[in-house]
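Observations on the model geometry
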Amino acid sequence: MTETDVFAALANPVRRRVLELLMESPRNAGALADQFDLSRPAVSEHLQVLRRAGLVREEVRGRERRYEIDAGPLTEVGAWLSPFETYWRERLSTLADILEEEPQS
């Protein structure tokens, strides 16, 4: 999948929450579904989107599939976002300087 697919996968709040839960520990779809007001098949669909984007790995243990986070693509997202973070940090610093220069009433 392309980087665009990673961003598309991360655009959904349910998928972002799934990743947060998987940061705590690997889980199966049923355990993840218990955390949402969604059906297990709906959560499984979200997991498949995350898996295709490379954000989640699937491990088959007998009849159970366990999912764990794969942070590799997130490193690429972080690198892409870094210049924006720098931009906003500089802008806020400039604003703080301007506010400090204004006379206090």
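Residues numbered from 1 in each chain as written. Predicted model: local features only at pLDDT ≥ 70, side-chain atom pairs only at ≥ 80, totals over all residues. Heavy atoms only, no water.

As annotated in an unreviewed UniProt entry, the chain carries the name Transcriptional regulator and is attributed to Nocardioides luteus.

**Looking at the nonpolar core**
Ranked by size, the top nonpolar core spans 20 residues in total, and within it Val18, Leu19, Leu22, Leu32, Leu47, Leu50 and Leu55 carry the most contacts. At four residues, the largest contribution of residues to this core is made by helix H2 (residues 13-24). Ignoring anything within four residues of it in the chain, the contact list for Leu19 reads Leu10, Leu50, Leu55, Val56 and Ile69. (Core = buried A, V, L, I, M, F, W, Y, C linked by side-chain atoms within 4.5 Å. Buried < 20%, exposed > 50% of the residue type's maximum accessible area, 1.4 Å probe, protein only. Helix = DSSP H or I, 4+ residues; strand = E, 2+ residues; numbered from the N terminus. Contact = heavy atoms within 4.5 Å.)

**Some points on helix H5 (residues 72-101)**
In this model H5 runs 44 Å from its N-terminal to its C-terminal C-alpha over 30 residues, within 8% of the 44 Å that 1.5 Å per residue would give. Along H5, the largest kink reaches about 35° and is centred on Leu81; proline Pro83 follows within four residues of it. (Expected span 1.5 Å × (residues − 1). Bend = angle between axes of the 7 residues up to and from the residue.)

**A few points about the confidence of the model for the chain**
Here the chain shows a mean pLDDT of 90. Residues at 70 or above account for 95%. Looking at the elements of the chain, mean pLDDT is at its lowest for helix H1 (residues 3-10), recorded as 82, and at its highest for H2, recorded as 96. (pLDDT = per-residue confidence, 0-100.)

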